[in-house]
Amino acid sequence: MAEKQNIRKTKLTLANTKATKVDTGEKKKKIFRRMITSGSISLLMILIIIFTLPHTVLSLNSLIEFATLVSLFIFLIVLLFRYFLLLILAYLYINNYTFKQKNGFYPFVSIIVPVYNEAKVITQSIKSLLKLDYSNYEIIVVNDGSSDNTYDVAKELVGFQKGRYTDIKVSLINKPNGGKAKALNAGISYSKAEIVLCMDGDSELSEDCIKVAVRHFSDPAIGAVAGNVKVLNRKKFFTDLQALEYIEGLNFARAAQSFVKLVNIIPGPIGIFRRKAVEDAGYYSSDTFAEDADITLKILANGWKIYYEPLAISYTEAPEKLHQLLKQRYRWTRGIIQAIRKHKKLLVNPTVNFGITFVLWGMFYEALIWPIMNIFSNLFFIFAALVYGFSSLILFWWAGLALLDLATALYCIAVEKEEVRLIPYAIIYRMFFILTIDICKAMSTVEEFLGIEMTWGKLERVGALPANT
Amino acid sequence: MELIPILATIILVATISTFILAIGAYILYKIRESRGQQAEVAQPTTIQAELLTPEALEQQIVFESQLPAGQVMYEQPRVPSYKPAAEPIFVKQGAGANQPMQSPYTAAKPFVAAKVDKPRRAVAGPASPASVTDQKFMKYTSEGYVSTKEETKKQGALKWR
């Protein structure tokens, strides 16, 4: 990569706060207590219905039919309201974004690359970072106690490497394994830059990523900028579906949120932060499994604004197998619920910061209410078809949703100038892909509320980063 | 046969299959995860780490001609000025943890007017009449103009004694 340079080795002492509690029998007792409480309440409600129903004009069958129809109607209204609200806000954001370009702000930026067993992809990842269309930055690789030869590979990259316009300093922090949050904190603390870019070790950034993202920091109210995550390993049925999900589900919502500068999750593969905002938030925390959602909420709670930059693209590897996808979504769901629970005081008190309350309710709806509503609506249609023979109902339901998804996919793909071949996936996207994800989300939610232990999972990388993306 | 019942049957079967598949996959995932689960252990409050950083370059190469239009290098040439101490503590703990750190590269330093010392006057030796007029109390001796301050102090001390 470059000729041998003098490398200085220094010993560091890093804070390792938020140590994980050792499990005791208390957790099991807590789960048992919760199950007893929720079971008793449910039983009480069923008994009340059974005893009071004969005194009303309703029969049990008509009650079930009535309740289901009302629920479906509410679900449909909420669904349509959500879609059109997002569509209008996303459109307003794109208008605003297109006509209010701000350039001419080029501060020094530190790119923090936390790596854990990324030996296959780290060299390619750093090489791509050296090609960035920006002159004023450094790269800090944080090896989070990898058990493979990531350290040896990363060590070879340390030095002043030839960048696009100037020599780029590449440093390496080698620390014992402690999780992504602690690795990022070590990198941010070592960095002296006012703007830090946090990414994943297996991700690759678009060439003008920094240039387009940092210009928003000329507004002193902006605390962070969320980038645009795209699926790298496409051309497979499963990853293509995820590519559409990232465009239609995640980026579309992010664009809408960005109109009010209240993006609710800065994605892990690309987040650009003002150092002051990270310090105000108390750095990344290790007490949730979605450290990116947690730090976003903390930044918003401190009154900072968060913007979305669609041109700051990070290409990342998506899970190729179902169990890997479930593992990822399980972690995301539980992590988001943990982050919401951390800020529950702001959820119920809009007088402190109305913006964060609005964001928290949005997250609460997406993480908890929506999956349950989707599952129950599908169950109802299956029940109606099998028991009453109304099989055409499920077809109309599916056709309505597919039409809505097709229209949204068309809009999102046109805005992002994405691959048109992804549009047909919208036909099966809602009914099958999202249903599978929602079942996983619902199960994870139940586990989270029962307090069942979970561990961080590491997605097996296939090393699919190409030489040029 | 009509199209709607056929399509409805396909969708119904597909939805039921998705349900079964999703729940089955979730159960399998949980079984798979539970095999590799290990009990977590308490962690220390500080951990030792190692920093590998390049020595500062004597002169940094900047390809100025290739810089994009409008993009300004903030520090050219950029030679890192920070030198980590033998045992620095990176992550601050306690009350000062949230104090902002200033970048040596980008932080705007407050403007301090340069302190310029006035040129000293010659204590001994012949002085020009123009310089003599600037100072009121100068004594003219055979050696030229001499300050009267020292003499005044000495006189005062003598008087006090």
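So, how was this worked out
Residues numbered from 1 in each chain as written. Chains lettered and ligands numbered in written order. Predicted model: local features only at pLDDT ≥ 70, side-chain atom pairs only at ≥ 80, totals over all residues. Helix = DSSP H or I, 4+ residues; strand = E, 2+ residues; numbered from the N terminus. Buried ≥ 20, exposed ≤ 12 C-beta atoms within 10 Å, placed from the backbone. Contact = placed C-beta atoms within 7 Å. Rg over C-alpha atoms; globule rule 2.2 N^0.38 Å. Pairing = 2+ DSSP bridges. Axes fitted to C-alpha atoms, helices over the stretch in contact; angles between N-to-C directions. Parallel < 35°, antiparallel > 145°, perpendicular 65-115°, else oblique. Left-handed = near helix turned anticlockwise from the far one by under 90°. Nonpolar A, V, L, I, M, F, W, Y, C, P; charged D, E, K, R; others polar. Expected span 1.5 Å × (residues − 1). Core = buried A, V, L, I, M, F, W, Y, C linked by C-beta atoms within 7 Å. pLDDT = per-residue confidence, 0-100.

1. Examining the overall build of chain B
Then, number 1: When you go through chain B residue by residue, the secondary structure sums to three helices and three strands.
Then, number 2: Secondary structure elements in chain B, listed N-terminal to C-terminal, are α-β-α-β-β-α.
Then, number 3: Relative to its full complement of 161 residues, chain B shows a buried share of 11%.
Then, number 4: Contacts spanning at least 24 positions in sequence make up 16% of the contacts within chain B whose residues lie at least 6 apart.

2. Observations regarding the overall build of chain A
Then, number 1: Assigned secondary structure in chain A consists of 14 helices and ten strands.
Then, number 2: Whereas a compact globule of 469 residues would reach a radius of gyration of roughly 23 Å, chain A reaches 24 Å, a difference of no more than 12%.
Then, number 3: Reported as C-alpha extents along the three principal axes, the dimensions of chain A are approximately 85 × 55 × 45 Å.
Then, number 4: Counting the 469 residues in chain A, one finds 46% classified as buried.

3. Digging into the pairing of strand β4 (residues 159-162) of chain A
Then, number 1: Sheet topology places β4 of chain A next to strand β5 (residues 167-175) of chain A; four bridges connect them, and they run antiparallel. Residue G159 of chain A lies in a different strand from β5 of chain A, and its bridge partner there is V170 of chain A.

4. A short note on the environment of C209 of chain A
Residue and element names in this part refer to chain A.
Then, number 1: Within the secondary structure, C209 is located in helix α6 (residues 209-214).
Then, number 2: Each C-alpha atom, one on C209 and one on I247, is 18 Å from the other, the two residues being 38 residues apart in sequence.
Then, number 3: Filtering out sequence-adjacent residues up to four positions away, C209 remains in contact with L132, G227, A312 and I313.

5. Focus on the packing of helix α9 (residues 291-301) of chain A against helix α10 (residues 322-342) of chain A
Residues and elements named next belong to chain A.
Then, number 1: Running from N to C, α9 and α10 point in directions that differ by 25°, and their axes come no closer than 8 Å. On the basis of their axis angle, the class for α9 and α10 is roughly parallel. Here the hand of the crossing between α9 and α10 comes out right-handed. Contact with α9, carried on its side by A293, D294 and L297, involves G335, I336, A339 and K342 of α10 and no other residues of that element.
Then, number 2: Residues that form the contact of α9 with α10 fall into these classes: four nonpolar, one polar and two charged.

6. A closer look at helix α13 (residues 391-416) of chain A
Residue and element names in this part refer to chain A.
Then, number 1: In this model α13 runs 38 Å from its N-terminal to its C-terminal C-alpha over 26 residues, within 8% of the 38 Å that 1.5 Å per residue would give.
Then, number 2: Burial in α13 covers these residues: I394, L395, W397, W398, L401, D405, T408, A409 and C412.
Then, number 3: Count one or two residues on from α13 and you reach K417, which has phi positive near 50°.

7. With respect to the nonpolar core
Residues and elements named next belong to chain A.
Then, number 1: Counting 139 residues, the largest nonpolar core has I111, I112, V141 and A224 as the members making the most contacts within it.
Then, number 2: Among the elements that make up this core, the one with the highest residue count is helix α14 (residues 426-450) (eleven residues).
Then, number 3: Setting aside chain neighbours within four positions, we find V141 in contact with V113, V115, A154, L157, V170 and L172.

8. Things to note about unusual backbone geometry
Residues and elements named next belong to chain A.
Then, number 1: A positive phi angle, near 60°, is found at Y283, a position not held by glycine.
Then, number 2: Inspection of the secondary structure puts Y283 in the loop between α8 (275-281) and α9.
Then, number 3: For Y283, a count of 24 C-beta atoms within 10 Å gives the class buried.

9. Observations regarding the confidence of the model for chain B
Residue and element names in this part refer to chain B.
Then, number 1: Per-residue confidence for chain B gives a mean pLDDT of 59; residues scoring 70 or more make up 30%.
Then, number 2: Least confident of the elements in chain B is helix α2 (residues 129-134), whose mean pLDDT is 48; most confident is helix α1 (residues 3-35), at 88.
Then, number 3: Across residues 58-67 the pLDDT falls below 50, and counting only partners more than four positions away or on other chains, this stretch makes 18 contacts in the model.
Then, number 4: Every residue in residues 72-133 is under pLDDT 50, and counting partners more than four places away or in other chains gives 81 contacts.
Then, number 5: Taken over the whole predicted complex, pTM reads 0.74, whereas the ipTM for its chain interfaces reads 0.74.

10. Re the pairing of strand β2 (residues 109-115) of chain A
Residue and element names in this part refer to chain A.
Then, number 1: The element β2 is largely enclosed, with a buried count of seven among its seven residues.
Then, number 2: Side chains V109, I111, V113 and V115 of β2 all project onto a buried face; the interleaved residues S110, I112 and P114 project onto the opposite face, where all are buried too.
Then, number 3: When β2 meets strand β3 (residues 137-144), the two strands line up parallel, connected through seven bridges. The residue of β3 that forms the bridge with V109 is Y137.

11. A word on the environment of E207 of chain A
All names here are of chain A.
Then, number 1: By the secondary structure assignment, E207 is in the loop between β7 (204-205) and α6.
Then, number 2: Put simply, E207 and F432 are 225 residues apart on the chain and 35 Å apart in space, counted from C-alpha to C-alpha.
Then, number 3: Not counting residues within four places of it along the chain, the set of residues in contact with E207 comprises K131, L132 and D133.

12. A short note on the environment of V170 of chain A
Residues and elements named next belong to chain A.
Then, number 1: The residue V170 is located in strand β5 in this model.
Then, number 2: Taking the number of C-beta atoms within 10 Å as the measure of exposure, V170 has 28 and is therefore buried.
Then, number 3: Along the sequence, V170 and L157 sit 13 residues apart, while their C-alpha atoms lie 6.8 Å from each other.
Then, number 4: V170 has contacts with I126, I139, V141, L157, V158, G159 and Q161, leaving out every residue within four places of it along the chain.

13. Quick notes on the packing of helix α12 (residues 354-387) of chain A against α14 of chain A
Helix-helix packing is characterised by the crossing angle of the two axes and by the distance between the axes.
All names here are of chain A.
Then, number 1: Running from N to C, α12 and α14 cross one another at 120°; their axes reach a closest spacing of 9 Å. Taken as axis vectors, α12 and α14 run oblique relative to one another. Considering the relative orientation of α12 and α14, their crossing is left-handed. Contacts between α12 and α14 involve A367, L368, P371, I372, N374, I375 and N378 from the first element and I434, L435, D438, I439, K441, A442 and T445 from the second.

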